[in-house]
Amino acid sequence: MVNWTHNNEFLENLYDGVYGVDDSRTILFWNRAAEELTGYKATEVIGRFCYDEILSHLNERGERLCGKSCPMLKTMADQLVREEQVFLRHKQGQQIAVNMRFIPATDDQGNVIGAMALFVKSGTPTNPSQIKELMRKAFLDSLTGLANREYMENKVRMLLASENERGSRSFSMLFFQLENLREVNDEFGMSVGNEVLKIMAKTIAENMDDGDILSRWQGGLFMLLCYKSQKGMLLNWANKVRDLIQTAGQKYKEELELAICVGGAIAHTGATEEYLYKTLEEQIKASRHQDKGLEIVG
């Protein structure tokens, strides 16, 4: 999962067109050069699948590349960098010959989390030596190796759009807040605070289901996207994980007392981003005033 908002200044200022996708090939990033080369604004493509025939990539033999022959798909399968000369369709309809380079993105465990495509008009050299690491950072939080906030926001946006268009299953969002991170840093030092955040991240990750996504939202706040949609089940699971985090912190340093607040929201049909994030913020605040008790709105 590269921080599209916090680490993309270099990408935005490249002469190369650059777009990044997650492992479902949903477009998460589209730089200014990509806008200029294709005629499509970022707002027109972000959140769509790259195989939606937006650019209708063709190889030199005129064969379509957006199906099983997709170089992006192959790169995510074998994690090899690929170079292709292809033709893309500009928004105005003309075909443009471009050199493309496809680069995989993996997390700290080597799992594929997406890929990036760089493209320039044929005959223009590319220099991707810094791109692979930048792309990785754009998906991941550097301290914990988790998905970062923008990756998660794009995932939520995609799920809501999918739910509204195709009636996909409901999902839930949980905030886990280390309420006394500042006190931990002040008393034990930032190195201990960072270790506690890593422990917290690993504890949640070890206890979530396949398909769930965990991100570091900011500071000591983590957000989990999962598919438990029954409130009772979600409450029981979140209570268990909160207790495990507190226990893991004390095992790391006996005198550590971690204050963990949890709040959640279940996204049903018609839910909006604004409603969900507002609900999460309200629930985490309510949790602080209930002796760290859980609040989840369904």
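See the structure printed just above.
Position labels on residues start from 1 in each chain and follow its written sequence. Thresholds applied to this predicted model are a pLDDT of at least 70 for local features of residues and 80 or more for the giving and counting of side-chain atom pairs; totals over whole chains, interfaces and linings are not thresholded and use all residues. With hydrogens and water stripped out, all remaining heavy atoms of the structure feed into the side-chain values.

Participant: Would you explain the packing of aromatic side chains in this entry?
Facilitator: The way to describe two aromatic rings as a pair is by their centre distance and the angle between their planes. Stacked, edge-to-face and tilted are the three classes for Phe, Tyr and Trp ring pairs, Trp counted by its six-membered ring, which pair at centre distances within 6.5 Å; planes under 30 degrees apart are stacked, over 60 edge-to-face, the rest tilted. According to the stated counting rule, one finds six aromatic pairs in the structure shown. Here the aromatic rings of W217 and Y277 are separated by 5.5 Å at their centres, their planes lie at 40°, and the arrangement is tilted. Linking W217 in strand β8 (residues 213-218) with Y277 in helix α10 (residues 273-288), this pair joins segments that are 60 residues apart in sequence. No difference in accessibility class separates W217 from Y277, as the two residues are buried. In this structure an aromatic cluster arises from ring pairing among Y19, W30 and F119. In DSSP terms, a helix is any run of H or I states spanning at least four residues, a strand is any run of E spanning at least two, and both are numbered starting from the N terminus. For the exposure calls, accessible area comes from a 1.4 Å probe over protein chains only, and a residue counts as buried if that area is under 20% of its type's maximum, exposed if over 50%, partly exposed in between.

Participant: Teacher, can you tell me more about the environment of E36 here?
Facilitator: As for its position among the elements, E36 is in helix α2 (residues 32-38). Considered as a pair, E36 and Y15 are 21 residues apart in the sequence and their alpha carbons are 9.8 Å apart.

Participant: I'm lost on empty space enclosed by the protein in this one. Help?
Facilitator: To locate leftover empty space, one rolls a probe as large as a water molecule over the atoms. Cavities and pockets were defined on a 1 Å grid built from protein atoms only: a cavity is a group of points that admits a 1.4 Å probe but offers it no way out, a pocket is an open group of points flanked by protein on both sides within 12 Å along at least five of seven lines, and a lining residue is one with an atom within 4 Å of any such point. Grid points are joined across faces, edges and corners, and a volume is the space filled by probe spheres set on the points. In this structure, the largest cavity spans a volume of roughly 70 Å³. Forming the boundary of the largest cavity are Y19, C50, H57, L65, C66, C70, P71, M72 and F102. Polar here means any residue outside two lists: the nonpolar Ala, Val, Leu, Ile, Met, Phe, Trp, Tyr, Cys and Pro, and the charged Asp, Glu, Lys and Arg; Gly therefore counts as polar. Among the residues forming the lining of the largest cavity, the class breakdown is eight nonpolar, one polar and no charged. Taken as a whole, the second largest cavity encloses approximately 40 Å³ of empty space. Of the residues contributing to the lining of the second largest cavity, the split by class is six nonpolar, one polar and no charged.

Participant: Help me out: how do you make sense of the pattern of salt bridges in this one?
Facilitator: Here the idea is simple: oppositely charged side chains can pair when their charged atoms come close. For this analysis, a salt bridge means a side-chain nitrogen from Lys or Arg found within 4 Å of a carboxyl oxygen belonging to Asp or Glu. Under the definition given, this model contains 13 salt bridges. Note that R242 and D243 form a salt bridge whose closest N and O atoms lie 3.9 Å from each other. The class for R242 is buried, based on a relative accessible area of 13%. Linked by salt bridges that have partners in common, D22, D23 and K155 make up one network.

Participant: Would you explain the nonpolar core in this entry?
Facilitator: General note: in soluble globular proteins, nonpolar side chains tend to be found buried as a group. Side-chain atoms within 4.5 Å are what join buried Ala, Val, Leu, Ile, Met, Phe, Trp, Tyr and Cys residues into a set we call a nonpolar core. One finds V156, F171, M173, M223 and L276 to be the most contacted residues of the largest nonpolar core, which totals 27 residues. Taken together, the elements giving at least two residues each to this core come down to α6 (149-166), β7 (171-178), β8, β9 (221-226), β10 (260-267) and α10. Ranked by residue count, the leading element in this core is α6, at five residues. Here, residues are in contact when the closest pair of their heavy atoms is within 4.5 Å. L276 has contacts with L160, F171, M173, A265, I266, A267 and A271, leaving out every residue within four places of it along the chain. Among the nonpolar cores identified, the runner-up in size contains 26 residues, and L181, M200, I204 and V241 belong to it.

Participant: Is there a simple way to explain the pairing of β7 in this structure?
Facilitator: Across a regular strand the side chains alternate sides, sitting on one face of the sheet and then on the other. In terms of burial, β7 is largely enclosed, as eight of its eight residues are buried. The alternating pattern of β7 places F171, M173, F175 and Q177 on one face and S172, L174, F176 and L178 on the opposite face, and all of these are buried. Across eight bridges, β7 lies against β10 in antiparallel orientation. Residue pairing across strands places M173 opposite A265, the latter belonging to β10. Here, strands pair whenever DSSP counts at least two bridges between them.

Participant: Could you clarify how one ought to interpret the pairing of β8 in this entry?
Facilitator: Most of β8 sits out of view: five of its six residues are buried. In the sheet, strand β6 (residues 147-148) pairs with β8 via two bridges, with the strands oriented parallel. Counterpart to N148 in the pairing with β8 is R216. Inspection of the sheet shows β8 paired to β9 by five bridges, in the antiparallel sense. The residue bridging L214 from the neighbouring strand is L224, located in β9. What sits between β8 and β9 in their antiparallel hairpin is a turn of two residues, with G219 showing a positive phi close to 50°.

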